[in-house]
Amino acid sequence: MNFESLIEVKDVSFSYLNKQIYKNLSLSIPKGKITAILGPSGTGKTTILRLIGAQLVPDKGEILFDGINVHSLRRKQLYKLRERMSMLFQSGALFADMTVFENVAFPLREHTNLSEDLLADVVLMNLEAVGMRHAANLYPSELSGGMARRAALARSIALDPDLVMYDEPFVGQDPITKGVLVKLISDINKSLGKTSIVVTHDVKEILEIAHYVYILAEGSVLGQGTPEEILNSTDPRVNQFIRGDFDGPYAYKLKGEDNYIEEL
Ligand SMILES: Nc1ncnc2c1ncn2[C@@H]1O[C@H](COP(=O)(O)OP(=O)(O)OP(=O)(O)O)[C@@H](O)[C@H]1O
C-alpha cells in the first residue's frame, strides 16, 4: 500500500528482563488511517503501543513519530509530544469521583488555559462525537460498560491528538455495543482524520474498518496488508490466524506455558 506514514518502527528489538519480545521489528503506521495490530495472546501487542508512547525504551532500533525519534527526547519535549498521542486502555479508567463532563475536562484543564466557556464547548463537542452528551452529568458508576468506554474515548480525544491507540477496545462488550464502538472508531478516524492503531482479538470486527493490518507473532511480523490482502492471503500461517484455528503451521502457546516450562 502506498501511504504516508505517521509512525515508523525501525528494526526494533525489545526484551523484558531475559524474555525477548521483539527482534528487529519494523512497521509503518499510515497517517490518517486505521491500522489493526493482531496476534496471539502475549505476543507483545500492548508492548508495541508502550514503545510508541515511549513508556518503554527499545534495546535496539528507533521509533519515529512524524519524523521525531520518540526515545531521543528530553522529558519536557516528550511530555509535549505525548499530547499528540492518546491511548485508550481496555479498562477505560475513568476517575470514579468525577462526572463524565469533568472526566473529559480533566486533560483540558491539565494541558490548556481554555476559559470555562470554551472548555465546556470542547467537552460537549467531544461528548457529542461519541453520543454521550446526554450523560455529561452522570458518574462512572451510573454508566454501562459501553457508555464508560465511549466516555473514556471522548476524554482520550479531548486534546485533539494526531494518534489514538486503542488497546482491546471491544473486550467484555456485548455484540451491539461492540458494533457501536467499531463504528465510533471508524467515524472518529473519518471525521476527525485521526491516525488510529487498534490492538484487538476481534478479527472480524476490525477487518471491517481497518485500512491496514499487521499480524505479529514471535517477535516479528507474521503477515501484513490491507484487509482484502489478509483475507486472500495464501500464507497458511496467516490463514490459520484469521480463522482462529489452534492447529496449523503456527504453534500457539497457551498463556502461562512459558512459566510452566520454566517451573519444570
Ligand atoms: N512489565 C512486564 N514485565 C515483564 N514481562 C512483561 C511485562 N509486561 C508484559 N510482559 C510480558 O511480555 C509479553 C508481551 O505482553 P503484551 O501485554 O505486550 O502482550 P499482548 O500481545 O498485548 O497480549 P494480550 O493479547 O494477551 O493482551 C507477555 O508474555 C507478558 O507476560
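The following paragraphs examine the structure supplied in this document. (Residues numbered from 1 in each chain as written. Predicted model: local features only at pLDDT ≥ 70, side-chain atom pairs only at ≥ 80, totals over all residues. Heavy atoms only, no water.)

### Brief notes about the layout of surface pockets
Reported here for the largest pocket is a volume of approximately 730 Å³. Forming the walls of the largest pocket are 25 residues, and the residues nearest its centre are Arg82, Met85, Ser86, Met87 and Pro107. Secondary-structure elements contributing two or more residues to the lining of the largest pocket are helix H2 (75-82), strand S6 (85-88), helix H3 (100-111) and helix H5 (145-156). Its residues assigned to classes, the lining of the largest pocket comprises 13 nonpolar, seven polar and five charged. (1 Å grid on protein atoms, 1.4 Å probe; cavity = no way out; pocket = protein on both sides within 12 Å on 5 of 7 lines; lining within 4 Å. Points joined across faces, edges and corners; volume = space filled by probe spheres on them. Helix = DSSP H or I, 4+ residues; strand = E, 2+ residues; numbered from the N terminus. Nonpolar A, V, L, I, M, F, W, Y, C, P; charged D, E, K, R; others polar.)

### A closer look at the pattern of salt bridges
Summed over all chains, the structure comprises 14 salt bridges. Lys60 is the salt-bridge partner of Asp11, the closest N and O atoms lying 4.0 Å from each other. Taken together, the residues span a long stretch of sequence, with Asp11 in strand S1 (residues 5-16) and Lys60 in strand S4 (residues 60-65) at a distance of 49 residues. Taking relative accessible area as the criterion, Asp11 reaches 39% and is therefore assigned partly exposed. The partner of Glu128 in a salt bridge is Arg133, and the shortest N-O contact between them spans 3.7 Å. Members of the salt-bridge network, linked through shared partners, are Glu4, Lys31, Asp66, Arg84 and Asp162. (Salt bridge = Lys/Arg side-chain N within 4 Å of Asp/Glu carboxyl O. Buried < 20%, exposed > 50% of the residue type's maximum accessible area, 1.4 Å probe, protein only.)

### Let's talk about the pairing of S4
Two strands pair when backbone bridges link them, and S1 and S4 are joined in this way by five bridges, in the antiparallel orientation. Each residue of the ladder has a partner; that of Ser13, found in S4, is Lys60. Where S4 lies against strand S5 (residues 68-69), two bridges are found, and the strand directions are antiparallel. Among the inter-strand pairings, Leu64 is bridged to a residue of S5, identified as Asn69. (Pairing = 2+ DSSP bridges.)

### What to know about the sheet that holds strand S8 (residues 195-199)
An order of S6-S7-S8-S3-S9-S10 is seen for the six strands of this open sheet, with the pairing classed as mixed. Of all strands in the sheet, those bounded by a partner on one side alone are S6 and strand S10 (220-225). Pairwise comparison of adjacent strand axes, ignoring direction, gives a mean angle of 15 degrees for this sheet. Across four bridges, strand S3 (residues 34-38) lies against S8 in parallel orientation. In the sheet register, Thr35 faces S8, and the bridge partner there is Ile197. (Axes fitted to C-alpha atoms, helices over the stretch in contact; angles between N-to-C directions.)

### Considerations on the site of the ligand
Every one of the 14 residues lining the ligand counts as a neighbour, but Lys19, Ser41, Lys45, Thr47 and His201 are closest to it. A distance of 3.4 Å is found between a nitrogen atom of the ligand and a side-chain nitrogen or oxygen belonging to Tyr16. Contact distances for the ligand include 2.9 Å between an oxygen atom and a backbone N or O atom of Gly44. Protein burial of the ligand: of its 640 Å² of free accessible surface, 63% is covered by the chains. Secondary structure elements with two or more residues in the shell around the ligand: strand S2 (19-30) and helix H1 (45-52). The dominant element in the shell around the ligand, judged by the number of residues it contributes, is H1, at three residues. Grouping the amino acids of the shell around the ligand by side-chain chemistry returns three nonpolar, seven polar and four charged. (Near = heavy atom within 4 Å. Polar contact = N/O pair within 3.5 Å; in protein donor to acceptor, adjacent residues only side chain to side chain. Areas by Shrake-Rupley, 256 points an atom, 1.4 Å probe, with all protein chains shown as cover.)

### Considering the packing of H3 against H5
Between H3 and H5, whose axes approach to 8 Å, the crossing angle comes to 25 degrees. Between H3 and H5, the interaxial angle falls into the category roughly parallel. By crossing handedness, the relation of H3 to H5 is classed as right-handed. In this structure, H3 contributes Val100, Asn103, Val104 and Pro107 to the contact, and H5 contributes Ala151, Ala154 and Arg155. When grouped by side-chain class, the residues that make up the contact of H3 with H5 number five nonpolar, one polar and one charged. (Parallel < 35°, antiparallel > 145°, perpendicular 65-115°, else oblique. Left-handed = near helix turned anticlockwise from the far one by under 90°. Contact = heavy atoms within 4.5 Å.)

### Details of the pairing of S1
Across eight bridges, the pairing between S1 and S2 is antiparallel. Residue pairing for S2: Ser15 is matched across the bridge by Gln20. Connecting the antiparallel pair S1 and S2 is a turn made up of two residues, with Leu17 showing a positive phi of about 45 degrees.

### Description of the side chain of Thr99
Along the chain, Thr99 falls in the loop between S6 and H3. On the accessibility criterion, Thr99 (13% relative accessible area) is buried. There is a polar contact of 3.1 Å between the side chain of Thr99 and the backbone nitrogen of Glu102.

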